[in-house]
Amino acid sequence: MSPADTGASTIVAATTPVPAASTPSASSDSRLTPGGPGYRRMSFALFLAGVATFALLYSTQALLPLISSGFGVSASAASWTVAAATGGLALFVLPMSALSERFGRRTVMTASLVVAVGIGVLVPFAPSLGALVVLRFLQGAALAGLPASATAYLAEEVRPKALVTAIGLFVAGNSVGGMSGRVITGWVAQEWGWRVAVGVIGLIAVGCAVAFRLLLPAPKHFTPGSLRPRVLARTVRAHLANPLLCRLYAIGALFMTVFGGVYTVIGYRLTEAPFSLPQGIVGSIFLVYLVGTVSASTAGRLVGRLGRRGALYLAGGTTATGLLVSLADSLPLVLLGLVLITAGFFAGHAVASSAVSKTATTGRAQASALYQSAYYIGSSTGSTVGALAFHAGGWAGTVGVGVLAVLGVVTITVLGSRAARVERALAPA
């Protein structure tokens, strides 16, 4: 899709030197491509990083009813164990991306996983809800070095035509991590409690971190940037001055508001009447994340057929349909609703995040960091507001918040279409 099709130029002001060889011809391009040497190792390594990130980041989400009971607190109070982690990530993702511009993507991603796993060892021993929230905030802050650095690594090391697919695989790892973390914690917690459950997730993340470091190829196209605050500020201002990037940031935040709210509250809904499901079964509900794995990994083909805007409309429509279907007091319909919500969310996220990496020709880590910051602010907002809406109006309240967020996605996409028409009309013949 051309820049005019999306409503903004794809040129971002240069702040980090770009080597002359950054845009070689196809025949001499040494970047990774599907079927080429190193591509499978890279894909699997980042897939495992995505698994570890989401498993750790949302390790308490399926356990919120047990945490509420254990500490004697409300759903909205317990939801802070999720909001604190995503909020920590949102707050620190930009500074961590600056470190990755200076010290390298692989170095920062490895350090992030090591620190986050170390904090994960302490989480099961939190003596109070307050201590648990603080540890979760620190864990989210530690994980901040991974998402933006991963997408920047892919943008530099993978050929442009394969970028959407490569990022889709990384997002698919997110979905597998989110799914496996919630399913495993659900069944483990049913037998041994939530503390043992989050401890098990920590051990799984250790294995993922070790395999990631051993498998990820050394970067060949990374050029170190500057850590000077002025350079970072100039890069951030350039990205925020790009209308397309700002729209993509808002779309990511709104999609995640829906997702964060739904999956923070769904455990409470399913453990209460009329469903009254046990914790293990509630955890297994998160197997619908497999749908997200598929939709994220096929996002590239979706964009190829429908274009970026068409893919976003389809993702938003699918998500909204799922929200409305989930209102029924029928378990099969609730599950169908979750399937549609999950498919729409992961497709929309993969499309938006890959568009950010394509749009930013320089300062990619900062561009991705701003997207990730908006994305996880959306998660924190969704988990907190979704829980408050559930407390005030039940599941219908949470659905209402989600529908409003989807309407926001559609509105922003329509505005982008109008901006594209204006830009084409003003362009010289």
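Let us look at the structure shown here.

**Let's talk about the overall build of the chain**
Inference 1: Secondary structure assignment for the chain yields 18 helices and 0 strands.
Inference 2: In terms of overall size, the chain behaves like a compact globule, its C-alpha atoms giving a radius of gyration of 21 Å where 429 residues would be expected to give roughly 22 Å.
Inference 3: For the chain, the spread of C-alpha atoms along the three principal axes comes to 65 × 45 × 40 Å.
Inference 4: When the accessible surface of the chain is totalled, it reaches about 16,100 Å², and 69% of it is carbon and sulfur.
Inference 5: Both charge centroids of the chain, one from 28 positive and one from 9 negative side chains, sit 8 Å from each other.

**With respect to helix H12 (residues 243–271)**
Inference 1: For H12, which comprises 29 residues, the first-to-last C-alpha distance of 44 Å matches the rise-based estimate of 42 Å (1.5 Å per residue) to within 8%.
Inference 2: By the largest-angle criterion, Val265 marks the main kink of H12, which is about 35°.
Inference 3: Most of H12 is tucked away, with 24 of its 29 residues classed as buried.

**Remarks on the side chain of Ser112**
Inference 1: Following the sequence through the fold, Ser112 ends up in helix H6 (residues 105–122).
Inference 2: Beyond its immediate stretch of four places on either side in the chain, Ser112 contacts Met96, Ala142, Leu143, Gly145 and Leu146.

**Comments concerning the pattern of salt bridges**
Inference 1: Tallied over the entire structure, the rule returns 2 salt bridges.
Inference 2: A salt bridge links Arg105 to Glu156; its shortest N-O distance comes to 2.3 Å. Taken together, the residues Arg105 in helix H6 and Glu156 in helix H8 (residues 147–157) connect sequence positions 51 residues apart.
Inference 3: A relative accessible area of 11% places Glu156 in the buried class.
Inference 4: Two residues, Asp329 and Arg269, come together in a salt bridge whose shortest N-O distance is 3.2 Å. One end of the pair, Asp329, is in the loop between helix H15 (299–325) and helix H16 (331–359); the other, Arg269, is in helix H12, and 60 residues separate them in sequence.
Inference 5: Using a relative accessible area of 7% as the deciding quantity, one classes Arg269 as buried.

**With respect to a positive patch on the surface**
Inference 1: On the surface, Arg228, Arg230, Arg234 and Arg237 cluster together into a positively charged patch.
Inference 2: The residue Arg234 is located in helix H11 (residues 229–240) in this model.
Inference 3: On the accessibility criterion, Arg234 (42% relative accessible area) is partly exposed.

**Considering the packing of aromatic side chains**
Inference 1: By the definition in use, this model includes 13 aromatic pairs.
Inference 2: A ring pair is formed by Phe92 and Phe137, whose centres lie 6.2 Å apart and whose planes are at 70°; its orientation type is edge-to-face. Of this pair, Phe92 sits in helix H5 (residues 80–103) while Phe137 is found in helix H7 (residues 129–143), placing the two residues 45 residues apart along the sequence.
Inference 3: Accessibility expressed as a relative area gives 34% for Phe92, which makes it partly exposed.
Inference 4: The class of Phe137 is partly exposed, set by a relative accessible area of 29%.
Inference 5: Plain terms: the ring middles of Tyr268 and Phe390 are 6.5 Å apart, the flat faces sit at 40° to each other, and that makes the pair tilted.

**Focus on the nonpolar core**
Inference 1: Ranked by size, the top nonpolar core spans 126 residues in total, and within it Met42, Leu46, Leu154 and Tyr263 carry the most contacts.
Inference 2: Here this core takes 16 residues from H12, the largest share from any one element.
Inference 3: With near-sequence residues (within four places) excluded, Met42 lies in contact with Leu32, Tyr153, Leu154, Val158, Leu216 and Pro217.

What counts, and where the lines are drawn
- Residues numbered from 1 in each chain as written.
- Predicted model: local features only at pLDDT ≥ 70, side-chain atom pairs only at ≥ 80, totals over all residues.
- Heavy atoms only, no water.
- Helix = DSSP H or I, 4+ residues; strand = E, 2+ residues; numbered from the N terminus.
- Rg over C-alpha atoms; globule rule 2.2 N^0.38 Å.
- Areas by Shrake-Rupley, 256 points an atom, 1.4 Å probe, with all protein chains shown as cover.
- Lys, Arg positive; Asp, Glu negative; His and termini not counted.
- Charge placed at Lys NZ, Arg CZ, Asp CG, Glu CD.
- Expected span 1.5 Å × (residues − 1).
- Bend = angle between axes of the 7 residues up to and from the residue.
- Buried < 20%, exposed > 50% of the residue type's maximum accessible area, 1.4 Å probe, protein only.
- Contact = heavy atoms within 4.5 Å.
- Salt bridge = Lys/Arg side-chain N within 4 Å of Asp/Glu carboxyl O.
- Patch = residues over 30% accessible without salt bridge, like charges linked within 9 Å, V, L, I, M, F, W, Y side chains within 5 Å.
- Phe/Tyr/Trp six-rings, centres within 6.5 Å; stacked < 30°, edge-to-face > 60°.
- Core = buried A, V, L, I, M, F, W, Y, C linked by side-chain atoms within 4.5 Å.

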